[in-house]
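Spelled out, the chains give:
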Amino acid sequence: APVLKFLPRSVLQGVFFYMGIASLTGNNLFDRLFLWLIWEPKNYPQYSYIQHLPIKRVHLYTFVQLICLAILHGLKEIKETSVVFPFFMASLALIRKALVYIFSPEELKWLDSYPEDEEEEM
């Protein structure tokens, strides 16, 4: 780490910015968020969950995940509530278990599985 002080700060920020943007590709949440920007369903990418599920169910699942992400971010940013952050992180497992009351097990299999699991199913 002593060598890092010789690098300009903008170079380090650029590297971390690139790493962050590069990690977005292949992330299911961000793939589904980008679907909200496509108005014509015929122009959707051919992801396996799009072919097997109604798009409204995909958007609902994405919305639930986005709400949880917003809550996590809000808890982290507000100093008075940041102490609750670990508890909400732990409660995400309970929220995931509760999703079986909103989505069927088949829908959750398509929405919440790893991409390589989906390829094995085909």
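Above this text sits the structure in question.
Conventions and cut-offs
Residues numbered from 1 in each chain as written. Predicted model: local features only at pLDDT ≥ 70, side-chain atom pairs only at ≥ 80, totals over all residues. Heavy atoms only, no water. Salt bridge = Lys/Arg side-chain N within 4 Å of Asp/Glu carboxyl O. Helix = DSSP H or I, 4+ residues; strand = E, 2+ residues; numbered from the N terminus. Axes fitted to C-alpha atoms, helices over the stretch in contact; angles between N-to-C directions. Parallel < 35°, antiparallel > 145°, perpendicular 65-115°, else oblique. Left-handed = near helix turned anticlockwise from the far one by under 90°. Contact = heavy atoms within 4.5 Å. Phe/Tyr/Trp six-rings, centres within 6.5 Å; stacked < 30°, edge-to-face > 60°. Buried < 20%, exposed > 50% of the residue type's maximum accessible area, 1.4 Å probe, protein only. Nonpolar A, V, L, I, M, F, W, Y, C, P; charged D, E, K, R; others polar. Patch = residues over 30% accessible without salt bridge, like charges linked within 9 Å, V, L, I, M, F, W, Y side chains within 5 Å. Areas by Shrake-Rupley, 256 points an atom, 1.4 Å probe, with all protein chains shown as cover.

**Let's talk about the pattern of salt bridges**
Inference 1: Under the defined criterion, the tally for this structure stands at four salt bridges.
Inference 2: For the salt bridge of Glu-107 with Arg-57, the shortest nitrogen-to-oxygen distance reads 3.1 Å. Here Glu-107 is found in helix H6 (residues 105-111), whereas its partner Arg-57 is found in helix H4 (residues 55-77), with 50 residues between them in sequence.
Inference 3: Residue Arg-96 pairs with Asp-112 through a salt bridge whose shortest N-O separation is 2.4 Å. Of this pair, Arg-96 sits in helix H5 (residues 85-98) while Asp-112 sits in the loop between H6 and helix H7 (115-121); the two residues are 16 residues apart in sequence, bridging distant segments of the chain.

**Side note on the packing of H4 against H5**
Inference 1: Packing of H4 against H5 brings their axes to within 10 Å, and their N-to-C directions diverge by 165°. By the criterion of interaxial angle, the relationship of H4 to H5 is roughly antiparallel. When the axes of H4 and H5 are compared, the crossing they make is right-handed. Two secondary-structure elements touch here, H4 through Cys-68, Ile-71, Leu-72, Leu-75 and Lys-76 and H5 through Phe-85, Phe-88, Met-89, Leu-92 and Ile-95.

**A closer look at the packing of aromatic side chains**
Inference 1: The tally for this structure, following the rule as stated, stands at two aromatic pairs.
Inference 2: With a centroid separation of 5.5 Å and an interplanar angle of 25°, the aromatic rings of Tyr-47 and Tyr-49 are classed as stacked.
Inference 3: Tyr-49 gets classed as buried once you look at its relative accessible area, which sits at 3%.
Inference 4: With a centroid separation of 5.5 Å and 80° between ring planes, the pair formed by Tyr-61 and Phe-103 is classed as edge-to-face. Remark: Phe-103 occurs in the loop between H5 and H6 and Tyr-61 occurs in helix H4; sequence separation between them is 42 residues. The same class applies to Tyr-61 and to Phe-103, which are both buried.

**What about the packing of helix H2 (residues 28-35) against H4?**
Inference 1: One way to put it is that H2 packs onto H4 with a least axis distance of 10 Å and a crossing angle of 120°. As summarised for this structure, H2 and H4 are arranged oblique, according to the angle between their axes. Regarding H2 and H4, the two cross each other, and that crossing is left-handed. Contacts between H2 and H4 involve Leu-29, Arg-32, Leu-33 and Leu-35 from the former and Ile-55, Val-58, His-59, Tyr-61, Thr-62, Gln-65, Leu-66 and Leu-69 from the latter.
Inference 2: Here the residues of the contact of H2 with H4 sort into eight nonpolar, three polar and one charged.

**A look at a nonpolar patch on the surface**
Inference 1: Nonpolar side chains collect at one region of the surface, where Trp-36, Leu-60, Phe-63, Ile-67, Ile-71, Val-100, Tyr-101 and Ile-102 lie side by side and expose about 760 Å² of accessible area between them.
Inference 2: For Ile-67, the location among the structural elements is in helix H4.
Inference 3: Owing to a relative accessible area of 38%, Ile-67 belongs among the partly exposed residues under this scheme.

**A few points about the environment of Lys-42**
Inference 1: Looking at the secondary structure, you find Lys-42 in the loop between H2 and helix H3 (48-52).
Inference 2: Counting along the chain gives twelve residues from Lys-42 to Pro-54, while the straight-line C-alpha distance between them is 13 Å.

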